[in-house]
Amino acid sequence: IVTGAGSSGPGVGTGKAISILLAKEGGRVLLVDNETARARETLASIEEEDGVASVFEGDVTSSADCLRMVEAAIDRYGRLDILVNNVGIVVKGNVVTVDEDDWQRVMDVNLKSMVLTSKHAVPRMIEGEGGSIINMSSFLGLRSGSAFESAPYSASKGGILALTTTMAVEHGRDNVRVNAIVPGYLYTPMVAGSMTEEQRDLRRRAAPLGTEGTAWDVAWATVFLASDEARWITGVALPVDAGLLATSPLAMLDLLR
C-alpha cells in the first residue's frame, strides 16, 4: 500500500515515484489517493512497464476508509507486506498566525492518518508473519528551515518520528519493521509552483552535496527499507537530504553567498 500515490501536479511526486519503483521490483501495489485521477496517472505509468497495481480511492483520515483500504489489498493481492505512509499537506502560519482548523487538518492528514492506516495494517501483517512500514517525515521535524513559516507541518513531521520509534519497539516482536524517511529540500510538484528559480538554487546549495533532490531519491530509499535487505533495520529515521542535517548555516556560508 502506498498512500498519496498520485502526484499533486505536473511531474513526479514521492508517492508516484515510490509506487513505480515498488512495482518495478515486483511488488503488487495498491495506489491510495483521495483523487482518483492522480492515482490513475500513476497506474498508467506502472502498466506501461508491465507492473501490477490498482487504484483505491479513500480518505486516510477516516478509520473506516483505512480498514477498507487494507481489506482491498488483501482481497486483490492475498497479503499485505508493505505500507508506505506518504500522504502529507502544508499550511502556512506560526503559532500566533495559524488558523486552528488548519492546524487540526494538518495533524489529521499528516499524523493521525499514519495511526489509522497502521491500526488496520499491522494486524494483517502479523497474520502474514511480518511486514515493513515506512513513514514519510521531513528534516523540518528536526530543524527549522522552511522557506515560509509552517508550525503545523513541522510539528506533525516531528510527531511522525516519535510515532515511528514507538511503533518499531511495540511491534518488533511481531516482525513488523517501522522506519521513517527524512527528506531534505526536494524539488517535487508539491513545491514547484511556489518558489522562484533563485529560491530553488539556494535550496540546492544549502546542503554539502550541492545537488537537487527528487522524488526518485526518496523512492529508492523506500524500496531499500521495504526490502528483505533491510531485515535488521527498524526504528531509524533515514535522512535523504544531500547531507543537510549534517551541517550548519555557518559551515555552508561561503557556498551560499
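Every value quoted in this text rests on a predicted model; they were computed, and no experiment measured them. (Residues numbered from 1 in each chain as written. Predicted model: local features only at pLDDT ≥ 70, side-chain atom pairs only at ≥ 80, totals over all residues. Heavy atoms only, no water.)

Peer 1: In this structure, what is going on with the packing of helix H1 (residues 14–24) against helix H8 (residues 215–226)? I would like to understand it.
Peer 2: Two quantities define a packed helix pair, namely the angle between the axes and the distance from one axis to the other. Where H1 contacts H8, the two axes come as close as 8 Å, and the packing angle between them is 45 degrees. Comparing the axis directions of H1 and H8 gives the class oblique. In this structure, H1 meets H8 at a crossing whose hand is right-handed. Across from Thr 14, Ala 17, Ile 18, Ile 20, Leu 21 and Leu 22 in H1, the residues of H8 making contact are Ala 215, Trp 216, Val 218, Ala 219, Trp 220, Thr 222, Val 223 and Ala 226. (Axes fitted to C-alpha atoms, helices over the stretch in contact; angles between N-to-C directions. Helix = DSSP H or I, 4+ residues; strand = E, 2+ residues; numbered from the N terminus. Parallel < 35°, antiparallel > 145°, perpendicular 65-115°, else oblique. Left-handed = near helix turned anticlockwise from the far one by under 90°. Contact = heavy atoms within 4.5 Å.)

Peer 1: Even after reading the chapter, I still don't get unusual backbone geometry, so can you show me in this structure?
Peer 2: In terms of backbone geometry, most residues other than glycine have negative phi values and most peptide bonds are trans. Phi is positive for Asp 50, which is not a glycine, with a value near 65 degrees. Within the element layout of this structure, Asp 50 appears in the loop between helix H2 (36–48) and strand S3 (52–57). In this model, Ala 242 sits at a positive phi of 60 degrees, which is unusual for a non-glycine residue. Since its relative accessible area comes to 22%, Ala 242 is described here as partly exposed. (Buried < 20%, exposed > 50% of the residue type's maximum accessible area, 1.4 Å probe, protein only.)

Peer 1: Is there a simple way to explain the packing of helix H3 (residues 63–77) against helix H4 (residues 100–127) in this structure?
Peer 2: Close contact between H3 and H4 brings their axes to 8 Å; oriented N to C, the two are set at 35 degrees. Note on packing geometry: the crossing formed by H3 with H4 is right-handed. Mapping the contact onto sequence places Ser 63, Cys 66, Leu 67, Met 69, Val 70 and Ile 74 in H3 and Leu 116, Thr 117, His 120, Ala 121 and Arg 124 in H4. Residue composition of the contact of H3 with H4, grouped by class: seven nonpolar, three polar and one charged. (Nonpolar A, V, L, I, M, F, W, Y, C, P; charged D, E, K, R; others polar.)

Peer 1: How should H3 be read in this particular structure?
Peer 2: Given 3.6 residues per turn, any residue in an α-helix points the same way as the ones three and four places further on. Look at H3: 21 Å from first C-alpha to last across 15 residues, which is about the 21 Å you get at 1.5 Å a residue. Within H3, the full set of buried residues consists of Asp 65, Cys 66, Met 69, Val 70, Ala 72, Ala 73, Ile 74 and Tyr 77. Against strand S1 (2–3), strand S2 (28–33), S3 and H4 lie the buried residues of H3. (Expected span 1.5 Å × (residues − 1).)

Peer 1: How should the packing of aromatic side chains be read in this particular structure?
Peer 2: Where two aromatic rings form a pair, the distance of their centres and the angle of their planes describe that pair. In this structure the tally under the stated criterion is one aromatic pair. Considering the side-chain rings of Phe 139 and Tyr 185, the 4.8 Å spacing of their centres and the 65 degrees angle between planes classify their relative orientation as edge-to-face. With a gap of 46 residues between them, Phe 139 in the loop between strand S5 (131–136) and helix H5 (151–170) and Tyr 185 in the loop between strand S6 (176–183) and helix H6 (189–192) connect regions that are remote in the sequence. Looking at Arg 200, its charged tip hangs above the ring of Tyr 187, at a distance of 3.5 Å from the centre. (Phe/Tyr/Trp six-rings, centres within 6.5 Å; stacked < 30°, edge-to-face > 60°. Lys NZ or Arg CZ within 6 Å of the ring centre and 35° of its normal.)

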